Each structure stands twice: as structure tokens, then as C-alpha cells.
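Summary of the model geometry
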Amino acid sequence: MELSNVNKPDLRVKLGDVELANPVMLASGTCGYGDELEDYIDLNRLGGISVKGTTLEERQGNPMPRIIETYGGMINAIGFQNVGIERFVSEKYPYLKNIGARTFVNITANSVEEFGLLAARVDALPEIAGVEVNISCPNIKKGGINMGTDPFAAAEVVAAVRKATSKHVMVKLTPNVTDIKPIAKACEDSGADSISLINTLVGMAVDVKTRKPKIANVIGGLSGPAIKPVAVRLTWEVAKTVKIPVVGMGGISCLEDALEFLIVGASAVQVGTANFFNPKVTMEIIDGLEKYMLDNGVAKISDLVGTLRLD
Ligand SMILES: Cc1cc2nc3c(=O)[nH]c(=O)nc-3n(C[C@H](O)[C@H](O)[C@H](O)COP(=O)(O)O)c2cc1C
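Below or above, wherever it landed, is the structure these notes cover.

Parameters and conventions
Residues numbered from 1 in each chain as written. Predicted model: local features only at pLDDT ≥ 70, side-chain atom pairs only at ≥ 80, totals over all residues. Heavy atoms only, no water. Helix = DSSP H or I, 4+ residues; strand = E, 2+ residues; numbered from the N terminus. Rg over C-alpha atoms; globule rule 2.2 N^0.38 Å. Buried < 20%, exposed > 50% of the residue type's maximum accessible area, 1.4 Å probe, protein only. Contact = heavy atoms within 4.5 Å. Areas by Shrake-Rupley, 256 points an atom, 1.4 Å probe, with all protein chains shown as cover. Near = heavy atom within 4 Å. Polar contact = N/O pair within 3.5 Å; in protein donor to acceptor, adjacent residues only side chain to side chain. Nonpolar A, V, L, I, M, F, W, Y, C, P; charged D, E, K, R; others polar. Expected span 1.5 Å × (residues − 1). Phe/Tyr/Trp six-rings, centres within 6.5 Å; stacked < 30°, edge-to-face > 60°. Lys NZ or Arg CZ within 6 Å of the ring centre and 35° of its normal. Pairing = 2+ DSSP bridges. Right-handed = clockwise from strand over helix to strand, strands pointing away. Core = buried A, V, L, I, M, F, W, Y, C linked by side-chain atoms within 4.5 Å. Axes fitted to C-alpha atoms, helices over the stretch in contact; angles between N-to-C directions.

Before going further, it helps to spend a moment on the overall build of the protein chain. Regarding its fold elements, the protein chain presents 8 helices and 18 strands. Whereas a compact globule of 311 residues would reach a radius of gyration of roughly 19 Å, the protein chain reaches 18 Å, a difference of no more than 12%. The C-alpha extent of the protein chain, read off along each of the three principal axes, is 55 × 50 × 40 Å. Of all 311 residues assigned to the protein chain, the portion counted as buried reaches 54%. Look at the contacts in the protein chain between residues 6 or more apart in sequence, and 71% of them connect residues 24 or more apart. About 13800 Å² of surface is accessible on the protein chain, with carbon and sulfur atoms providing 52% of the total.

Okay, structure coming up:
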């Protein structure tokens, strides 16, 4: 890393053809469509927003309780409650298209065909930067196999999305696999422009008085500071495996956390659960990055990416 006298640090990052004003994004499912945080932060200052997982049809999600707090995090089993792609286009897109931050539509589906249809719909929205393809879901037509845990299934989804859109295709990986590297490579080889990771870790919690699961769905996704070391390790592994940019997330709740992900190779980061206990966290991280760069003579944020020292 070149150290120099820096007057105005350059926070811009490039994810393929998409330029973000800075590397800080809101993670899917933790900010609605950005609107849920508009009273706390200036959405125009964000690098990007990934909206709530959007399906073809509107979904009501799983029965309650579907969120619980755990040590250093939370478990959720929302079950993709969302307005569906048509209402997204008519009700949410008009709001999002006036925000400076680049918007990615997180898409979720239960078949390869549905993923293609969703991507084609997003392709027609000029102010959307791209899709974030959440492949951590079962393929109902193929006996419920999880599309994100098998390189061939993941490749099929990415190829279908690639065919349906010329916009940026970011593919979001699940950490619930033995080896994430072949899955990341399969996504890259099938046309992904970037990889984001990690989605939640499968978790479970029990009420010892009633001996019932604390979540109605029994199992759910663990997120928040508790998962950060796992997320940093997986981000490092994937960044070494693929040539396309990597967007890291999982437990980021302060500047130091974001820096860790950048140093192990993430070009940008997403912040999720921390928005619930500190809705201003993304602004603090952006300000913190600028100060860190000034203090440490880092002229461009990209100079920091992948500078992990193993000597
Ligand atoms: C309440 C909640 C809802 C989420 N919904 C989605 C979703 O719709 N699509 C998706 O890809 N990830 C979803 N996620 C996962 C987050 O985007 C993120 O990958 C994960 O929580 C790890 O980051 P964090 O520890 O900063 O929250 C959700 C997470 C939470 C906590």
C-alpha cells in the first residue's frame, strides 16, 4: 500500500461498471427500501442500497415469532415477506430512483425460471444499478435442493439471470456450506459481475421453560456481530478465489469491522443487523473511513483492498 500525503481521500469504488460514491451499502432485509432509515441517515451519502428480497408474487412471510435476540446478534425467519416485483416497480422504485445511492434489487426465487423473470423485470428499470441474486433458497421444482449450496445449481441460476439482464449481477452466497470456493468460482464462470457474502448462518434457539423453539419456523438465520469472524474468513477465501469484486458483510457494526473486510479483499461492505441497534452506523463508518484514510495516508480506498499482511 502506497502511503502519501492525502488532502481529500477518494472513497469511490468500482464494482464492474457500477461506481459507488463510497464502499458502504445497506444490506438486504434490514432497511426496507431505504425508506425505513430516512429519518436517521442521509440516504444520498450511502454508496449503495440492497433492497428487501423481492419475489415474483407478494409474500406474507412466516408466522410470528420470527425474530429473536441472541448473544451478539439475532435470529430471523421472516420468510421473505415483501411486496412482490410489480408493487416494487409501482410503489418503491419511484422513491428509490431519486436517491443518490446506487440501488440493487435483491431477488429471491424458488426456481431458475423465476430468477430469470425477476431479472428481466429489473432490467427495464433505468435507475437501478443491478440485481443482487440471493441464491440461498430451495429449488422447489428440484426437490427443494438449496441453490446456493451446490456449484451446478448456483451456476444455472446465475446463467439464467445473466441472460435476462445487462445490468450488474451481484450474487449473494450462503455461508452454510463445507467449501464456499467452488460455489464462488461457479458463479464467476457463469457471468456474475460481483459476489456478495455472507447471508445468515442457520441457527436455532430454545425456550427452556416451554421447551419450544423460540422461532415459530424452528430454525432461522443468525446475523449480527456474533457472525463477523466467520464472515471475514469466508470473504478472505472468496476474494482469493475470484477475480471479480467481492462485497463483504456479516456483523459489521463499526469502522474497524468494515476495515477488516476491506483488508481481506472486499471492495465494498454491507451493513445489516447493526442498523437495528444503531441506525446511524453507516454514516459513522463513512466518516470514519475518511478520517482513517487521512490519518494513515491512504489516497484511494481501493489501495487498502486486499492488503492483508501474512508476513
Ligand atoms: C431481518 C433480516 C432480514 C433479512 N432479509 C434478507 C433478504 O430478504 N435477502 C437477503 O439476501 N438477505 C437478507 N438478510 C441477510 C442480510 O442481508 C445479511 O446478509 C446478514 O444479516 C449478515 O449481515 P449482518 O450481520 O450485518 O446483518 C436479512 C437479515 C435480517 C437480519
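Here we come to the site of the ligand. Close to the ligand lie 23 residues, the nearest being S28, K172, G224, G251 and T273. I198 has a polar backbone atom sitting 2.9 Å from an oxygen atom of the ligand. Residue G272 places a main-chain N or O atom 3.0 Å away from an oxygen atom belonging to the ligand. Compared with its free state, where it exposes 610 Å², the ligand has 97% of that area covered by protein. Within the shell around the ligand, the residues separate by chemical class into 6 nonpolar, 15 polar and 2 charged.

Here we take up the side chain of E188. Looking at the secondary structure, you find E188 in helix 4 (residues 181–189). By relative accessible area, which is 15% here, E188 ends up buried. Here I244 takes part through its backbone nitrogen, which lies 3.2 Å from a polar atom of the side chain of E188. Contacts of E188, omitting those with residues within four sequence positions, involve T241, V242, K243 and I244.

In this model, helix 2 (residues 112–123) (12 residues) spans 17 Å end to end at C-alpha, consistent with the 16 Å of a helix rising 1.5 Å per residue. Structurally, helix 2 contributes buried residues whose contacts are with helix 1 (84–96), strand 7 (102–107), strand 8 (128–134), strand 9 (138–139) and helix 3 (151–164).

Before going further, it helps to examine the packing of aromatic side chains. The relation between two aromatic rings is expressed through the spacing of the ring centres and the mutual angle of the planes. Within this structure, the stated rule accounts for 1 aromatic pair. Each ring, one from Y33 and one from F88, has its centre 5.9 Å from the other, and the planes form 45 degrees; the classification is tilted. In this pair, Y33 is assigned in the loop between strand 3 (24–26) and strand 4 (48–50) and F88 in helix 1, connecting sequence segments 55 residues apart. Assigned by exposure class, Y33 and F88 land together as buried. Above the ring of W236, the side-chain terminus of K240 is found at 3.5 Å from the ring centroid.

Its 13 residues give helix 1 an end-to-end C-alpha distance of only 16 Å, which falls more than 12% under 18 Å, the value for a rise of 1.5 Å per residue. Burial in helix 1 covers these residues: G84, I85, F88, V89, K92, Y93 and L96. Buried residues in helix 1 make contact with strand 7, helix 2 and strand 8.

Below, the discussion takes up the pairing of strand 11 (residues 168–172). The buried fraction of strand 11 is high, at 5 of 5 residues. Residue alternation in strand 11 divides its side chains into two sets, H168, M170 and K172 and V169 and V171, and both sets are buried. Direction of pairing for strand 8 relative to strand 11: parallel, over a ladder of 5 bridges. Following the sheet pairing, V133 is matched in strand 11 by V171. Of the strand pairs in this sheet, strand 11 and strand 12 (residues 194–197) are connected by 3 bridges, and their pairing is parallel. Residue pairing across strands places M170 opposite S194, the latter belonging to strand 12. In this view, the connection linking strand 11 to its parallel neighbour strand 12 by way of helix 4 has right-handed handedness.

Below, the discussion takes up the nonpolar core. By size, the foremost hydrophobic cluster in this structure holds 89 residues, and its most contacted members are F88, I107 and L173. In terms of residue count, helix 8 (residues 281–296) provides more of this core than any other element does, 6 residues in total. Contact partners of L173, with chain neighbours within four places excluded, come to I135, S136, I180, I183, A184, C187, I195, S196, L197, I198, N199 and V238. If you look at the next biggest cluster of nonpolar residues, it comprises 5 residues, including I68, I75, A77 and A205.

Pairing in this closed barrel of 8 strands is parallel, and the strands run 3-4-7-8-11-12-17-18 around the ring. Neighbour-to-neighbour, the strand axes of this sheet turn through a mean angle of 25 degrees, independent of strand direction. Across the sheet, helix 8 lies against strand 3 and strand 18 (268–271), angled at about 175 degrees from strand 3, the strand it touches most.

Taken in spatial order, the 4 strands line up as 5-6-16-13 in an open sheet, and their pairing is antiparallel. Of all strands in the sheet, those with a lone pairing partner are strand 5 (67–70) and strand 13 (201–204), marking the two edges. Geometrically, the sheet is characterised by an average inter-axis angle of 40 degrees between neighbouring strands, direction not taken into account. Summarising the sheet, strand 6 (residues 73–76) and strand 16 (residues 219–223) pair through 3 bridges and their orientation is antiparallel. Looking at strand 16, one finds that M74 is bridged to S223.

By themselves, these observations are geometric and do not establish any function.
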